[in-house]
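Examining the three-dimensional arrangement
Here is what each chain is made of, one letter per residue.
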Amino acid sequence: MSLSRRRVSSAALAAVPLALATTGTAQAAPGRRARTLHIAGDSTAARKYADAAPETGWGTALPFFLHRHLDVANHAVNGRSSKSFVDEGRLEAILSSARPGDLLLVQFAHNDEKATDPSRYTEPWSTYRQYLRLYVDGARARGVRPVLATAVERRRFDAGGDAVPSHGEYPAAMRALAREERVALLDVQSLSLALWRELGAEETKKYFNWTPTEQDNTHFNPPGAIAVARLVARELLRTRVLAPRDVRRLDETVPESWITWPEATA
């Protein structure tokens, strides 16, 4: 389960340009080093490009809720699990560039759940927790603060119109690990489920990537990404990972027009 040099070497080199390309643009005051909040996650958080619009990861919207002395480096990548992200060298790439005082926010489960894919599947109470410990231990070894976030919920409703959970035992396994390791936990799964229940089956379509050609109940459009990013920012404040001076606009409207989709680079 350790990060072997052979497994990391070539993949880490490939991952670094991606990490640099997805770093936020917030600037620190002259003479003051900005802290960076690194996001390790999957497609629900990842930066999207023009060919995927209007699909939007919540990591794209998170900087709108953080002050300029905090950078956001969004390393989340479509299709990754806690396991495949490590196996591809992406965690090692983050840890190699992170500096003491930075934060590492980790959200995985959507692809860990794919039992038919051995390259991504983890079992909630064993391998999932083992891989999450690599993020926690790796961050701490470099003076970086780890933060665990339970996976944002899909849009799933029962016959009675009630939003229902879709992540099985993964959120509970992460919560237990956070308690054991004394790691800050952002309970995005519970909060997003409560929000979808409040909005209802029809209204939630306005938050997910529903288009004339696609009915996507996993990924977000700009309103959904903004709503989830707001939940994440509020949890960062509630858990005292961030201070009131670090956050902004928690109760303000964030225009959808602030979301952009750059052209993908070769």
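Placed above this text is the structure.
So, a few notes on the structure that sits alongside this text. (Residues numbered from 1 in each chain as written. Predicted model: local features only at pLDDT ≥ 70, side-chain atom pairs only at ≥ 80, totals over all residues. Heavy atoms only, no water.)

1. Concerning the overall build of the protein chain
When you go through the protein chain residue by residue, the secondary structure sums to 8 helices and 7 strands. In the protein chain, which comprises 266 residues, the proportion classed as buried is 54%. Contacts spanning at least 24 positions in sequence make up 77% of the contacts within the protein chain whose residues lie at least 6 apart. Element-wise, carbon and sulfur atoms account for 51% of the exposed surface of the protein chain, whose accessible area totals about 12100 Å². (Helix = DSSP H or I, 4+ residues; strand = E, 2+ residues; numbered from the N terminus. Buried < 20%, exposed > 50% of the residue type's maximum accessible area, 1.4 Å probe, protein only. Contact = heavy atoms within 4.5 Å. Areas by Shrake-Rupley, 256 points an atom, 1.4 Å probe, with all protein chains shown as cover.)

2. Quick notes on the sheet that holds strand β3 (residues 103–107)
Read across the sheet, 5 strands follow the order β2-β1-β3-β4-β5 without closing on themselves; strand pairing throughout is parallel. Of all strands in the sheet, those with a lone pairing partner are β2 (70–74) and β5 (184–186), marking the two edges. Direction aside, the axes of adjacent strands within the sheet are offset by 25° on average. Pairing of β3 with strand β4 (residues 145–149), which is carried by 4 bridges, proceeds in the parallel orientation. Bridge pairing in β4 places V106 opposite L148. (Pairing = 2+ DSSP bridges. Axes fitted to C-alpha atoms, helices over the stretch in contact; angles between N-to-C directions.)

3. Observations concerning the packing of helix α5 (residues 124–141) against helix α6 (residues 170–181)
Two elements in contact, α5 and α6, have axes whose closest approach is 10 Å; the angle formed by their N-to-C orientations is 40°. Relative to α6, α5 is oriented oblique. Like other packed secondary-structure pairs, α5 and α6 cross with a definite hand, here right-handed. Of the residues in α6, those touching α5 at P124, W125, Y128, R129, L132, R133 and R140 are Y170, A172, A173, M174, A176, L177, E180 and E181. (Parallel < 35°, antiparallel > 145°, perpendicular 65-115°, else oblique. Left-handed = near helix turned anticlockwise from the far one by under 90°.)

4. Observations concerning the pairing of β2
Most of β2 sits out of view: 5 of its 5 residues are buried. Pairing of strand β1 (residues 35–41) with β2, which is carried by 5 bridges, proceeds in the parallel orientation. The residue of β2 that forms the bridge with I39 is N74.

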